[in-house]
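Spelled out from the first residue to the last, the chains are:
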Amino acid sequence: VNDTANAVPVATPTSNVALDLAEIDWDNIGFGFIPTDYMYIMKCSQGENFSNGELHRFGNIELSPSAGILNYGQGLFEGLKAYRKHDGNILLFRPKENAFRLRTGAERMCMPSPSVEQFLEAVKLTVLANERWIPPPGKGSLYIRPLLMGSGAVLGLAPAPEYTFLIYVSPVGNYFKEGLAPINLIVETEMHRATPGGTGGVKTIGNYAAVLKAQSAAKAKGFSDVLYLDSVHKRYLEEVSSCNVFVVKGNVISTPAIKGTILPGITRKSIIDVARSQGFQVEERFVTVDELLDADEVFCTGTAVVISPVGSITYLGKRVTYGSEGVGVVSQQLYSSLTSLQMGRAEDKMGWIVEL
Ligand code: COI
């Protein structure tokens, strides 16, 4: 987008005022894209630093057909959320963690990245400019989608000569159509999400294209999503297409360790801390697929899914169910603790909330 005439002035936060909301059906937002008013764009050339980012009216962007992102998938994305607190103020959940993760991913993908400060400033500007799209308390959140892409033209395989950092937002409700009801997963035994030494541990766009085939097949059979196994032993749990996985047995909560093939989820990391603060023993380790058989509960975590309880898992034709397919006690407890923090209903002892 070259049209700087559309750049808008900096917005300021409002609090304790009647909400000026966009006119949509706030009771029925799922996880579909709803265009909003503004997006943020900042560019830089290879070898230089990002600068002069600004807000633009939301709209399509122009790219060369030869852009690195289109031809060779040189791109990363992030996901975080803004919540509206009961007093009208706006809360971000751990945005610095997304800034750090983007920088780590950019290094892996040979891309320059915005500084942590630039990232935070850009997120705040974009959220405030789209304030009327932040759902009322309890109705959902504003999903913030930063993108970092090789936007310059290349033909031979090489890092692109120019990069674009863009943020757009969309109001969202529940990720899975089940809402908060338990989801049904199938363990994928043929296809894999990531391989050792690959890019499974960073949020590159290609990781998500790679899961579509197994996910579509699973959905066609009535499952909510796919649980992946490691590609070497085909025995250890990795993650679900769009989220991390946790297995509960008694007081012990286990989750696959971060070892390069698993996305280091910010909700994952937060749940580990919240669970430990509540007296659970949390283990980050190799978790075998067999452990699903005698688990008390299984749940998924992610920015988009928050905490999603799992009602059943099907593996090699056998179906294991959890919690009589209702929400398990531990999943419910952790969900309530996390969302109370995110929505500003509980004291933020961890220092995770950024209030705008
Ligand atoms: C998120 O949870 O924010 C993600 O990036 C996953 C995406 C597939 C919606």
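None of these values were measured; they are calculated from a predicted model.

Things to note about the overall build of the chain
Thinking step 1. Counting its secondary structure elements, the chain contains seven helices and 17 strands.
Thinking step 2. Over its C-alpha atoms, taken along the principal directions, the chain stretches across nearly 60 × 55 × 35 Å.
Thinking step 3. When the 356 residues of the chain are sorted by exposure, 45% land in the buried category.
Thinking step 4. Pairs at least 24 apart in sequence give 72% of the contacts found in the chain among residues at least 6 apart.

Description of the site of the ligand
Thinking step 1. The ligand sits among Gly-79, Tyr-208, Ser-242, Gly-302, Thr-303 and Ala-304.
Thinking step 2. Residue composition of the shell around the ligand, by class: two nonpolar, four polar and no charged.

With respect to the packing of helix α2 (residues 95-108) against helix α3 (residues 116-129)
Axis angle and axis distance: for two packed helices, these are the angle between their axes and the distance between the axes, and together they describe the pair.
Thinking step 1. In contact at an axis separation of 9 Å, α2 and α3 are set at 130° when each is read in the N-to-C sense. Considering their axes alone, α2 and α3 lie oblique with respect to each other. Where α2 crosses over α3, the handedness of that crossing is right-handed. Between α2 and α3, the contacting residues are Pro-95, Lys-96, Ala-99, Phe-100 and Leu-102 on the first element and Val-116, Phe-119, Leu-120 and Val-123 on the second.
Thinking step 2. Residue composition of the contact of α2 with α3, by class: eight nonpolar, no polar and one charged.

Remarks on unusual backbone geometry
In terms of backbone geometry, most residues other than glycine have negative phi values and most peptide bonds are trans.
Thinking step 1. Phi angles above zero are rare outside glycine, and Lys-234 is one such case at about 55°.
Thinking step 2. Inspection of the secondary structure assignment puts Lys-234 in the loop between β9 (225-229) and β10 (237-240).
Thinking step 3. Here the phi dihedral of Val-306 falls at roughly 60°; this positive angle occurs in a residue that is not glycine.
Thinking step 4. Mapped onto the secondary structure, Val-306 falls in strand β15 (residues 306-315).

Remarks on the nonpolar core
Thinking step 1. In this structure, Ala-82, Ile-144, Val-226 and Val-298 are the most contacted members of the largest nonpolar core, which totals 86 residues.
Thinking step 2. Of the residues forming this core, the biggest block, seven residues, is contributed by strand β7 (residues 162-172).
Thinking step 3. Residues contacting Val-226, with those up to four places away along its chain left out, are Leu-185, Ile-186, Glu-188, Val-211, Ala-214, Gln-215, Ala-218, Val-240 and Ser-241.

Things to note about the UniProt feature "modified residue: N6-(pyridoxal phosphate)lysine" (unreviewed entry) in the chain
Thinking step 1. According to UniProt, the positions carrying the feature "modified residue: N6-(pyridoxal phosphate)lysine" (unreviewed entry) are Lys-203.
Thinking step 2. Within the fold, Lys-203 resides in the loop between β8 (183-188) and α4 (205-209).
Thinking step 3. Here Lys-203 falls in the buried class, since 24 other C-beta atoms lie within 10 Å of it.
Thinking step 4. The residues touching Lys-203, leaving out its near neighbours within four places in the chain, are Leu-76, Phe-77, Glu-78, Arg-101, Gly-105 and Leu-263.

As for α3
Thinking step 1. Here α3 is 14 residues long and its end C-alpha atoms lie 20 Å apart, about the 20 Å a rise of 1.5 Å per residue gives.
Thinking step 2. Where α3 is concerned, the buried positions are Phe-119, Ala-122, Val-123, Lys-124, Thr-126, Val-127 and Ala-129.

Some points on the packing of helix α6 (residues 266-277) against helix α7 (residues 329-342)
Thinking step 1. Direction vectors running N to C along α6 and α7 enclose 110°, while the axes themselves pass 10 Å from each other. The angle between α6 and α7 falls in the class roughly perpendicular. Here Ser-270, Ile-271, Val-274 and Ala-275 of α6 come into contact with α7, specifically with Leu-334, Ser-337 and Leu-338.
Thinking step 2. When the residues that make up the contact of α6 with α7 are grouped by side-chain class, the tally is five nonpolar, two polar and no charged.

Considering the pairing of strand β5 (residues 90-93)
Thinking step 1. In β5, alternate side chains face the same way, and those of Ile-90 and Leu-92 on one face and Leu-91 and Phe-93 on the other are all buried.
Thinking step 2. The pairing of strand β4 (residues 80-84) with β5 spans three bridges and is classified as antiparallel. If you follow Tyr-83 over to β5, its bridge partner there is Leu-91.
Thinking step 3. Between β4 and β5, which pair antiparallel one after the other, the connecting turn spans five residues, and Gly-88 there sits at a positive phi close to 95°.

Examining the environment of Ala-217
Thinking step 1. Looking at where Ala-217 falls in the secondary structure, it is placed in helix α5 (residues 212-220).
Thinking step 2. By the C-beta count within 10 Å, which is 15 here, Ala-217 ends up partly exposed.
Thinking step 3. Sequence separation between Ala-217 and Leu-341 is 124 residues, and the spatial gap between their C-alpha atoms is 36 Å.

Quick look at the pairing of strand β6 (residues 141-150)
Thinking step 1. For β6, a buried count of nine out of ten residues is recorded, marking the element as mostly surrounded by other parts of the structure.
Thinking step 2. Across three bridges, strand β3 (residues 75-77) lies against β6 in antiparallel orientation. Across the sheet, Gly-75 pairs through a bridge with Met-149, a residue of β6.
Thinking step 3. Across three bridges, the pairing between β4 and β6 is antiparallel. Opposite Ala-82, over in β6, you have Leu-142 as the bridge partner.
Thinking step 4. Bridge count between β6 and β7: ten bridges; the pairing is antiparallel. Directly across from Ile-144, in β7, lies its bridge partner Val-169.

Conventions we followed
- Residues numbered from 1 in each chain as written.
- Predicted model: local features only at pLDDT ≥ 70, side-chain atom pairs only at ≥ 80, totals over all residues.
- Helix = DSSP H or I, 4+ residues; strand = E, 2+ residues; numbered from the N terminus.
- Buried ≥ 20, exposed ≤ 12 C-beta atoms within 10 Å, placed from the backbone.
- Contact = placed C-beta atoms within 7 Å.
- Near = placed C-beta within 6 Å.
- Nonpolar A, V, L, I, M, F, W, Y, C, P; charged D, E, K, R; others polar.
- Axes fitted to C-alpha atoms, helices over the stretch in contact; angles between N-to-C directions.
- Parallel < 35°, antiparallel > 145°, perpendicular 65-115°, else oblique.
- Left-handed = near helix turned anticlockwise from the far one by under 90°.
- Core = buried A, V, L, I, M, F, W, Y, C linked by C-beta atoms within 7 Å.
- UniProt positions renumbered as here; feature names shortened; annotations may be inferred.
- Expected span 1.5 Å × (residues − 1).
- Pairing = 2+ DSSP bridges.

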